[in-house]
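Remarks on the overall topology
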Amino acid sequence: MDACVILTYRCNSKCSMCYVWQNPTSVKYEVSLKTLEKIPSGIDYLNLTGGEPTLRKDLAEIVDLLYPKAMTLEISSNGLHAERLEPIIKKYPCIKIRFSVEGCAATSNKIRGEKDGYEKKMKGLLRLKELGGTDLGISMVIQDDNAREAVELFRFANKHGFEFATSSLHNGFQFHKSDNIPYNRSETAANMGELINEMLKGFNVKNWFRAYLNLGLMSKVLGQSRMLKCAAGTDFAFVDPWSDVYACNVRPDLKAGNLENQTWDEIWNSEAAGVIKEKVSGCDHNCWMVGSAKTAMRNPKYVKLPKAGPLFWVIYNKLRIMLGGEINFKRYIDFDNVYCDTKVPQRSFFMNETVRRKIQLKSDVHYQRFGKFYNR
(Lines give C-alpha, C1' and ligand atoms only; values in the text may rest on other atoms or scores of the structure.)
Protein backbone atom coordinates (compact mmCIF):
# COMPACT_ATOMS: atom_id res chain seq x y z
CA MET A 1 0.00 0.00 0.00
CA ASP A 2 1.09 3.57 -0.74
CA ALA A 3 0.33 6.70 1.27
CA CYS A 4 0.86 10.43 1.02
CA VAL A 5 0.95 12.78 4.01
CA ILE A 6 0.51 16.54 3.60
CA LEU A 7 2.48 17.82 6.57
CA THR A 8 1.49 21.46 6.09
CA TYR A 9 -0.26 23.84 3.70
CA ARG A 10 2.28 26.56 4.49
CA CYS A 11 4.43 27.26 1.45
CA ASN A 12 7.08 29.81 0.44
CA SER A 13 6.50 29.38 -3.31
CA LYS A 14 3.78 31.25 -5.22
CA CYS A 15 2.86 28.81 -7.97
CA SER A 16 0.46 29.64 -10.78
CA MET A 17 -1.10 26.14 -10.76
CA CYS A 18 -1.44 25.76 -6.98
CA TYR A 19 -2.87 28.19 -4.44
CA VAL A 20 -1.90 26.28 -1.31
CA TRP A 21 0.40 29.18 -0.44
CA GLN A 22 -2.61 31.50 -0.32
CA ASN A 23 -4.39 29.19 2.15
CA PRO A 24 -1.81 28.10 4.76
CA THR A 25 -2.56 26.00 7.80
CA SER A 26 -2.07 27.19 11.35
CA VAL A 27 1.06 25.56 12.79
CA LYS A 28 -0.63 24.47 16.00
CA TYR A 29 -3.25 22.40 14.17
CA GLU A 30 -0.99 20.52 11.76
CA VAL A 31 -0.78 16.72 12.00
CA SER A 32 1.31 15.77 15.03
CA LEU A 33 4.01 13.20 15.67
CA LYS A 34 1.62 11.41 18.00
CA THR A 35 -0.91 11.07 15.20
CA LEU A 36 1.71 10.04 12.63
CA GLU A 37 2.71 7.18 14.94
CA LYS A 38 -0.59 5.55 13.93
CA ILE A 39 0.56 5.07 10.35
CA PRO A 40 1.26 1.32 10.14
CA SER A 41 4.52 -0.33 9.23
CA GLY A 42 4.82 -2.10 5.90
CA ILE A 43 3.91 0.87 3.68
CA ASP A 44 5.38 0.34 0.21
CA TYR A 45 5.79 4.01 -0.63
CA LEU A 46 5.24 6.97 1.69
CA ASN A 47 5.46 10.55 0.42
CA LEU A 48 5.85 13.51 2.78
CA THR A 49 4.65 16.61 0.99
CA GLY A 50 2.85 19.94 1.42
CA GLY A 51 2.67 22.85 1.05
CA GLU A 52 6.36 22.83 1.81
CA PRO A 53 7.45 20.11 4.27
CA THR A 54 10.77 21.81 5.14
CA LEU A 55 8.73 24.52 6.88
CA ARG A 56 7.95 21.93 9.57
CA LYS A 57 10.54 22.45 12.31
CA ASP A 58 10.06 18.83 13.36
CA LEU A 59 10.64 17.36 9.89
CA ALA A 60 13.75 15.44 11.01
CA GLU A 61 11.76 13.87 13.87
CA ILE A 62 8.95 12.96 11.44
CA VAL A 63 11.47 11.23 9.18
CA ASP A 64 12.94 9.35 12.15
CA LEU A 65 9.45 8.12 12.99
CA LEU A 66 8.27 7.18 9.48
CA TYR A 67 11.44 6.01 7.74
CA PRO A 68 11.27 2.52 9.32
CA LYS A 69 7.59 2.19 8.39
CA ALA A 70 8.06 2.40 4.61
CA MET A 71 9.98 0.55 1.94
CA THR A 72 10.50 3.94 0.25
CA LEU A 73 10.15 7.31 1.97
CA GLU A 74 10.05 10.44 -0.18
CA ILE A 75 10.17 14.11 0.70
CA SER A 76 8.61 16.29 -2.01
CA SER A 77 10.00 19.80 -1.59
CA ASN A 78 10.21 23.06 -3.49
CA GLY A 79 13.94 22.98 -2.76
CA LEU A 80 14.20 26.55 -1.48
CA HIS A 81 15.54 25.36 1.88
CA ALA A 82 17.72 22.43 0.87
CA GLU A 83 19.97 23.09 3.86
CA ARG A 84 17.18 21.83 6.12
CA LEU A 85 17.41 18.46 4.38
CA GLU A 86 21.16 18.11 4.84
CA PRO A 87 21.06 16.44 8.30
CA ILE A 88 18.34 14.09 7.02
CA ILE A 89 20.43 13.03 4.00
CA LYS A 90 23.48 12.52 6.20
CA LYS A 91 21.47 10.15 8.38
CA TYR A 92 19.40 8.52 5.62
CA PRO A 93 21.38 8.82 2.35
CA CYS A 94 18.95 6.62 0.40
CA ILE A 95 15.86 8.64 1.26
CA LYS A 96 14.06 9.88 -1.85
CA ILE A 97 14.19 13.67 -2.35
CA ARG A 98 12.39 15.46 -5.18
CA PHE A 99 12.63 19.20 -5.85
CA SER A 100 9.92 20.90 -7.91
CA VAL A 101 11.38 22.49 -11.05
CA GLU A 102 9.12 23.69 -13.86
CA GLY A 103 11.56 24.02 -16.73
CA CYS A 104 14.70 26.03 -17.29
CA ALA A 105 15.60 28.88 -14.94
CA ALA A 106 13.41 31.72 -16.21
CA THR A 107 10.39 29.50 -16.87
CA SER A 108 10.56 27.68 -13.55
CA ASN A 109 10.98 30.87 -11.55
CA LYS A 110 8.05 32.49 -13.37
CA ILE A 111 5.64 29.55 -12.94
CA ARG A 112 6.56 29.03 -9.30
CA GLY A 113 6.86 32.70 -8.37
CA GLU A 114 10.32 32.13 -6.92
CA LYS A 115 13.06 34.73 -7.22
CA ASP A 116 16.27 32.83 -8.01
CA GLY A 117 14.44 29.61 -7.10
CA TYR A 118 15.96 27.53 -9.89
CA GLU A 119 19.48 28.48 -8.87
CA LYS A 120 18.81 27.63 -5.19
CA LYS A 121 17.35 24.22 -6.10
CA MET A 122 20.24 23.19 -8.32
CA LYS A 123 22.80 24.30 -5.76
CA GLY A 124 20.86 22.41 -3.10
CA LEU A 125 20.61 19.19 -5.12
CA LEU A 126 24.32 19.21 -5.86
CA ARG A 127 25.06 19.78 -2.17
CA LEU A 128 22.81 16.86 -1.13
CA LYS A 129 24.57 14.69 -3.71
CA GLU A 130 27.92 15.74 -2.28
CA LEU A 131 26.69 14.65 1.16
CA GLY A 132 25.95 11.17 -0.15
CA GLY A 133 22.32 11.37 -1.29
CA THR A 134 21.60 8.47 -3.65
CA ASP A 135 18.00 9.13 -4.76
CA LEU A 136 17.77 12.80 -5.64
CA GLY A 137 15.67 14.23 -8.42
CA ILE A 138 13.46 16.78 -10.10
CA SER A 139 9.66 16.82 -10.37
CA MET A 140 7.99 18.79 -13.16
CA VAL A 141 4.32 19.66 -13.71
CA ILE A 142 4.04 19.63 -17.50
CA GLN A 143 1.80 22.39 -18.84
CA ASP A 144 1.55 24.73 -21.81
CA ASP A 145 4.02 27.17 -20.28
CA ASN A 146 6.86 24.65 -19.99
CA ALA A 147 6.16 21.55 -22.11
CA ARG A 148 8.72 22.54 -24.74
CA GLU A 149 11.45 22.47 -22.08
CA ALA A 150 10.68 18.99 -20.70
CA VAL A 151 13.26 17.17 -22.83
CA GLU A 152 15.97 19.71 -22.06
CA LEU A 153 15.29 19.47 -18.32
CA PHE A 154 15.29 15.66 -18.54
CA ARG A 155 18.69 15.71 -20.24
CA PHE A 156 20.00 18.06 -17.58
CA ALA A 157 18.80 15.69 -14.85
CA ASN A 158 20.46 12.72 -16.56
CA LYS A 159 23.72 14.59 -16.97
CA HIS A 160 23.93 15.26 -13.23
CA GLY A 161 22.65 11.86 -12.09
CA PHE A 162 19.25 13.12 -10.92
CA GLU A 163 15.95 11.29 -11.35
CA PHE A 164 13.18 12.99 -13.33
CA ALA A 165 9.50 12.68 -12.44
CA THR A 166 6.55 14.31 -14.17
CA SER A 167 2.90 15.08 -13.64
CA SER A 168 0.51 17.17 -15.70
CA LEU A 169 -1.70 20.13 -14.98
CA HIS A 170 -4.79 18.99 -13.04
CA ASN A 171 -7.19 20.04 -10.30
CA GLY A 172 -7.34 18.67 -6.80
CA PHE A 173 -8.66 19.80 -3.45
CA GLN A 174 -5.25 20.60 -2.02
CA PHE A 175 -4.55 23.11 -4.81
CA HIS A 176 -7.50 25.39 -3.99
CA LYS A 177 -7.98 25.87 -7.74
CA SER A 178 -10.57 24.67 -10.17
CA ASP A 179 -9.25 26.15 -13.42
CA ASN A 180 -6.11 24.13 -14.17
CA ILE A 181 -6.98 23.40 -17.79
CA PRO A 182 -4.50 23.12 -20.71
CA TYR A 183 -4.62 25.91 -23.27
CA ASN A 184 -3.64 23.63 -26.14
CA ARG A 185 -4.03 19.94 -25.38
CA SER A 186 -2.64 18.65 -28.69
CA GLU A 187 0.52 20.74 -28.62
CA THR A 188 1.31 19.79 -25.02
CA ALA A 189 0.76 16.10 -25.81
CA ALA A 190 3.12 16.32 -28.78
CA ASN A 191 5.87 17.68 -26.53
CA MET A 192 5.27 14.80 -24.14
CA GLY A 193 5.76 12.38 -27.01
CA GLU A 194 9.26 13.74 -27.51
CA LEU A 195 9.97 13.21 -23.80
CA ILE A 196 8.73 9.60 -23.94
CA ASN A 197 11.05 8.83 -26.85
CA GLU A 198 13.97 10.40 -25.01
CA MET A 199 13.30 8.36 -21.87
CA LEU A 200 13.36 5.09 -23.80
CA LYS A 201 16.68 5.87 -25.51
CA GLY A 202 18.82 5.52 -22.41
CA PHE A 203 19.76 2.61 -20.16
CA ASN A 204 17.97 3.67 -16.96
CA VAL A 205 15.21 1.11 -16.40
CA LYS A 206 13.30 3.56 -14.19
CA ASN A 207 13.09 5.95 -17.10
CA TRP A 208 11.62 3.24 -19.34
CA PHE A 209 8.68 2.87 -16.95
CA ARG A 210 8.47 6.62 -16.53
CA ALA A 211 7.98 6.67 -20.29
CA TYR A 212 4.84 4.58 -19.76
CA LEU A 213 3.70 6.94 -17.01
CA ASN A 214 4.12 9.81 -19.44
CA LEU A 215 2.10 7.93 -22.04
CA GLY A 216 -0.70 7.97 -19.47
CA LEU A 217 -0.11 11.69 -18.97
CA MET A 218 -0.36 12.22 -22.72
CA SER A 219 -3.73 10.47 -22.72
CA LYS A 220 -4.83 12.57 -19.73
CA VAL A 221 -3.72 15.84 -21.36
CA LEU A 222 -5.80 15.01 -24.45
CA GLY A 223 -8.81 14.42 -22.17
CA GLN A 224 -9.03 10.66 -22.73
CA SER A 225 -9.74 7.95 -20.17
CA ARG A 226 -6.97 6.78 -17.87
CA MET A 227 -4.93 3.81 -19.06
CA LEU A 228 -5.15 1.78 -15.84
CA LYS A 229 -7.89 1.43 -13.27
CA CYS A 230 -7.54 3.79 -10.30
CA ALA A 231 -6.45 2.13 -7.04
CA ALA A 232 -7.28 5.03 -4.71
CA GLY A 233 -8.97 3.91 -1.51
CA THR A 234 -7.68 0.36 -2.00
CA ASP A 235 -3.94 0.62 -2.54
CA PHE A 236 -3.49 4.33 -1.90
CA ALA A 237 -4.44 6.78 0.87
CA PHE A 238 -3.99 10.50 1.48
CA VAL A 239 -3.64 12.22 4.87
CA ASP A 240 -4.11 15.99 5.06
CA PRO A 241 -2.61 18.42 7.65
CA TRP A 242 -5.66 18.08 9.91
CA SER A 243 -5.22 14.28 10.01
CA ASP A 244 -8.22 13.61 7.76
CA VAL A 245 -7.76 10.50 5.62
CA TYR A 246 -8.94 10.50 1.99
CA ALA A 247 -8.84 7.99 -0.82
CA CYS A 248 -7.02 10.52 -3.01
CA ASN A 249 -6.09 14.19 -3.25
CA VAL A 250 -8.64 15.05 -5.94
CA ARG A 251 -12.12 14.47 -4.53
CA PRO A 252 -12.86 15.95 -1.09
CA ASP A 253 -16.00 13.78 -0.85
CA LEU A 254 -13.83 10.65 -0.50
CA LYS A 255 -13.03 11.14 3.19
CA ALA A 256 -12.70 7.92 5.19
CA GLY A 257 -11.96 9.20 8.69
CA ASN A 258 -9.59 11.12 10.93
CA LEU A 259 -6.32 9.62 12.12
CA GLU A 260 -6.16 11.81 15.21
CA ASN A 261 -9.43 10.35 16.51
CA GLN A 262 -9.26 6.83 15.01
CA THR A 263 -6.75 4.08 14.38
CA TRP A 264 -5.58 3.26 10.87
CA ASP A 265 -7.43 -0.07 10.94
CA GLU A 266 -10.64 1.57 12.15
CA ILE A 267 -10.52 3.97 9.21
CA TRP A 268 -9.47 1.45 6.57
CA ASN A 269 -12.05 -1.14 7.60
CA SER A 270 -14.90 1.28 8.23
CA GLU A 271 -18.23 1.47 6.45
CA ALA A 272 -17.17 4.83 5.01
CA ALA A 273 -14.09 3.21 3.44
CA GLY A 274 -16.32 0.61 1.78
CA VAL A 275 -18.56 3.30 0.30
CA ILE A 276 -15.50 5.18 -0.93
CA LYS A 277 -14.17 2.13 -2.77
CA GLU A 278 -17.48 1.86 -4.60
CA LYS A 279 -17.33 5.55 -5.53
CA VAL A 280 -13.77 5.15 -6.81
CA SER A 281 -14.77 2.21 -9.01
CA GLY A 282 -17.32 4.46 -10.70
CA CYS A 283 -15.28 7.69 -10.66
CA ASP A 284 -15.25 9.53 -13.98
CA HIS A 285 -12.56 12.06 -13.11
CA ASN A 286 -9.74 11.74 -15.60
CA CYS A 287 -6.74 11.71 -13.27
CA TRP A 288 -3.24 10.38 -13.81
CA MET A 289 -0.91 11.66 -11.11
CA VAL A 290 2.48 10.14 -10.54
CA GLY A 291 1.62 8.91 -7.04
CA SER A 292 -1.63 7.10 -7.78
CA ALA A 293 -0.64 6.12 -11.35
CA LYS A 294 2.54 4.49 -10.09
CA THR A 295 0.46 2.56 -7.58
CA ALA A 296 -1.90 1.43 -10.34
CA MET A 297 1.08 0.17 -12.38
CA ARG A 298 2.45 -1.96 -9.56
CA ASN A 299 1.95 -5.71 -9.37
CA PRO A 300 -0.30 -6.28 -6.33
CA LYS A 301 1.56 -9.45 -5.30
CA TYR A 302 5.12 -8.42 -6.11
CA VAL A 303 5.31 -4.72 -5.32
CA LYS A 304 8.75 -4.20 -6.86
CA LEU A 305 7.47 -5.42 -10.21
CA PRO A 306 5.01 -3.81 -12.65
CA LYS A 307 1.78 -5.24 -13.96
CA ALA A 308 1.91 -7.17 -17.23
CA GLY A 309 0.47 -4.36 -19.39
CA PRO A 310 3.10 -1.70 -18.58
CA LEU A 311 5.86 -4.33 -18.61
CA PHE A 312 5.05 -5.55 -22.14
CA TRP A 313 4.65 -1.95 -23.38
CA VAL A 314 8.10 -1.06 -22.08
CA ILE A 315 9.80 -4.17 -23.49
CA TYR A 316 8.16 -3.81 -26.91
CA ASN A 317 8.85 -0.11 -27.35
CA LYS A 318 12.36 -0.23 -25.90
CA LEU A 319 13.20 -2.89 -28.49
CA ARG A 320 11.71 -0.73 -31.25
CA ILE A 321 13.88 2.21 -30.19
CA MET A 322 16.99 0.00 -29.94
CA LEU A 323 16.40 -1.32 -33.46
CA GLY A 324 16.14 2.19 -34.86
CA GLY A 325 12.37 2.36 -34.96
CA GLU A 326 9.95 4.79 -33.37
CA ILE A 327 7.03 4.49 -30.99
CA ASN A 328 3.75 4.19 -32.84
CA PHE A 329 1.81 6.49 -30.53
CA LYS A 330 -1.34 6.11 -32.63
CA ARG A 331 -1.47 2.51 -31.49
CA TYR A 332 -2.13 3.70 -27.93
CA ILE A 333 -3.52 7.23 -28.25
CA ASP A 334 -6.37 8.57 -30.38
CA PHE A 335 -5.00 11.97 -31.43
CA ASP A 336 -8.25 12.83 -33.20
CA ASN A 337 -10.14 12.48 -29.94
CA VAL A 338 -9.19 15.67 -28.10
CA TYR A 339 -11.46 16.99 -25.38
CA CYS A 340 -12.92 20.37 -26.31
CA ASP A 341 -12.98 22.72 -23.33
CA THR A 342 -15.80 25.26 -23.37
CA LYS A 343 -13.77 27.75 -21.34
CA VAL A 344 -10.06 27.87 -20.59
CA PRO A 345 -9.12 30.52 -18.00
CA GLN A 346 -5.71 32.16 -18.16
CA ARG A 347 -3.44 31.33 -15.25
CA SER A 348 -1.84 34.18 -13.33
CA PHE A 349 1.79 34.56 -12.24
CA PHE A 350 2.79 35.98 -8.87
CA MET A 351 6.55 36.58 -8.90
CA ASN A 352 6.21 40.25 -8.00
CA GLU A 353 2.68 40.16 -6.61
CA THR A 354 1.67 40.54 -2.99
CA VAL A 355 -1.30 38.35 -2.15
CA ARG A 356 -2.98 38.24 1.23
CA ARG A 357 -2.90 34.78 2.73
CA LYS A 358 -5.94 33.39 4.55
CA ILE A 359 -4.99 30.99 7.34
CA GLN A 360 -7.18 27.91 7.45
CA LEU A 361 -8.28 26.83 10.89
CA LYS A 362 -9.06 23.29 11.93
CA SER A 363 -12.64 24.35 12.61
CA ASP A 364 -13.13 25.68 9.05
CA VAL A 365 -15.06 23.76 6.42
CA HIS A 366 -12.18 22.68 4.24
CA TYR A 367 -11.84 22.53 0.45
CA GLN A 368 -15.19 24.15 -0.30
CA ARG A 369 -14.34 27.75 -1.08
CA PHE A 370 -12.80 27.23 -4.53
CA GLY A 371 -15.89 25.69 -6.11
CA LYS A 372 -16.61 22.53 -8.01
CA PHE A 373 -14.22 21.16 -10.59
CA TYR A 374 -13.84 18.27 -12.93
CA ASN A 375 -10.69 16.73 -14.37
CA ARG A 376 -11.01 15.93 -18.04
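Up top is the structure these notes are about.
Now for a description of the structure that goes with this document. This is a predicted model, so every value here is computed, not measured. Position numbers for residues start from 1 in each chain and track the written sequence from start to end. The predicted origin of the model limits local features to residues at a pLDDT of at least 70 and limits the giving and counting of side-chain atom pairs to 80 or more, whereas totals for whole chains, interfaces and linings rest on all residues. Heavy atoms throughout the structure, all of them, feed into the side-chain values; hydrogens and water do not.

This next bit is on the sheet that holds strand β5 (residues 135–142). The rule for pairing is simple: two strands pair if DSSP sees at least two bridges between them. In this text, helices come from DSSP runs of H or I with a minimum length of four residues, and strands from runs of E with a minimum of two, each type numbered from the N-terminal end. Sheet architecture is open: 9 strands sit in the order β6-β5-β4-β3-β2-β1-β7-β8-β9, paired in mixed fashion. With one partner strand each, in any of the chains shown, β6 (163–168) and β9 (255–258) form the two edges of the open sheet. In this sheet, neighbouring strand axes are inclined to one another by 25° on average, regardless of whether the strands run parallel or antiparallel. Two elements, strand β1 (residues 2–6) and strand β2 (residues 43–49), share 5 bridges in a ladder whose sense is parallel. For valine 5, the partnering residue across the bridge sits in β2 and is leucine 48. Here, two residues are considered to be in contact whenever any of their heavy atoms come within 4.5 Å of each other. Each axis is a line fitted through C-alpha atoms, and for a helix only the stretch in contact is used; angles between axes span 0 to 180 degrees, taken between their N-to-C directions. Against the sheet, helix α2 (residues 59–66) touches β2 and β3 (70–77), its axis set at about 160° to β3. Each of β5 and β6 touches helix α6 (residues 150–159); the most contacted strand, β5, lies at about 175° to it.

This next bit is on the side chain of threonine 166. Checked against the element boundaries, threonine 166 lands in strand β6. Accessibility expressed as a relative area gives 9% for threonine 166, which makes it buried. A 3.5 Å cut-off defines polar contacts: any pair of N or O atoms within that distance qualifies, except that in protein one atom must be a possible hydrogen donor and the other a possible acceptor, and neighbouring residues in sequence count only when both atoms are side-chain atoms. Here asparagine 214 takes part through its side chain, which lies 2.7 Å from a polar atom of the side chain of threonine 166. Type-normalised accessible area, obtained with a 1.4 Å probe on protein chains alone, sets the label of each residue: buried when under 20%, exposed when over 50%, and partly exposed for intermediate values.

In terms of residue burial, β6 counts as a mostly covered element, since 6 of its 6 residues are buried. Here β5 runs beside β6; their pairing, made up of 6 bridges, is parallel. Of the residues in β6, the one forming a bridge with methionine 140 is threonine 166. Orient the strands so they point away from the viewer; a crossover is then right-handed if the path from the first strand over the helix to the second runs clockwise. Once you follow β5 into α6 and on to β6, the crossover reads as right-handed.

A few words on the nonpolar core. Each nonpolar core is a collection of buried residues, namely Ala, Val, Leu, Ile, Met, Phe, Trp, Tyr and Cys, held together in the definition by side-chain atoms within 4.5 Å. Val5, Leu48, Val63, Ile75, Ile95, Ile97 and Phe164 are the most contacted members of the largest nonpolar core, which totals 85 residues. Looking at this core element by element, the count peaks at 9 residues for helix α8 (residues 205–221). The residues contacting isoleucine 95, other than those within four sequence positions of it, are Val63, Tyr67, Leu73, Ile75, Ile88, Ile89 and Asp135. Counting 21 residues, the second-largest nonpolar core is a separate cluster that includes Tyr9, Cys15, Met17 and Cys18.

For the pair α6 and helix α7 (residues 185–201), interaxial distance at closest approach is 9 Å and the crossing angle is 25°. One element, α6, and the other, α7, form an angle in the roughly parallel class. Both α6 and α7 take part in a crossing whose hand is right-handed. Listed contacts from α7 to Ala150, Val151, Phe154 and Arg155 of α6 are Glu194, Leu195, Glu198 and Met199. Considering only residue class, the contact of α6 with α7 consists of 5 nonpolar, no polar and 3 charged. Convention used here: angles under 35 degrees read as roughly parallel, angles over 145 as roughly antiparallel, angles from 65 to 115 as roughly perpendicular, and any remaining angle as oblique. Whether a crossing is left-handed or right-handed is set by the direction in which the near helix is turned from the far one by less than a right angle, anticlockwise for left-handed and clockwise for right-handed. Charged residues are taken to be Asp, Glu, Lys and Arg, nonpolar residues to be Ala, Val, Leu, Ile, Met, Phe, Trp, Tyr, Cys and Pro, and polar residues to be all remaining types, Gly included.

By the element assignment, aspartate 253 lies in the loop between β8 (244–246) and β9. The spatial distance from the C-alpha of aspartate 253 to the C-alpha of phenylalanine 173 is 9.8 Å, given a sequence separation of 80 residues. Side-chain polar atoms of aspartate 253 contact the side chain of arginine 251, separated by 2.7 Å.

Turning next to the packing of helix α4 (residues 105–112) against helix α5 (residues 117–130). Packing of α4 against α5 leaves a shortest axis separation of 8 Å and a crossing angle of 110°. The pairing of α4 with α5 is recorded here as roughly perpendicular in orientation. Here α4 contributes Ala105, Ser108, Asn109 and Arg112 to the contact with α5, which in turn contributes Gly117, Tyr118, Glu119 and Lys121. Residue composition of the contact of α4 with α5, grouped by class: 2 nonpolar, 3 polar and 3 charged.

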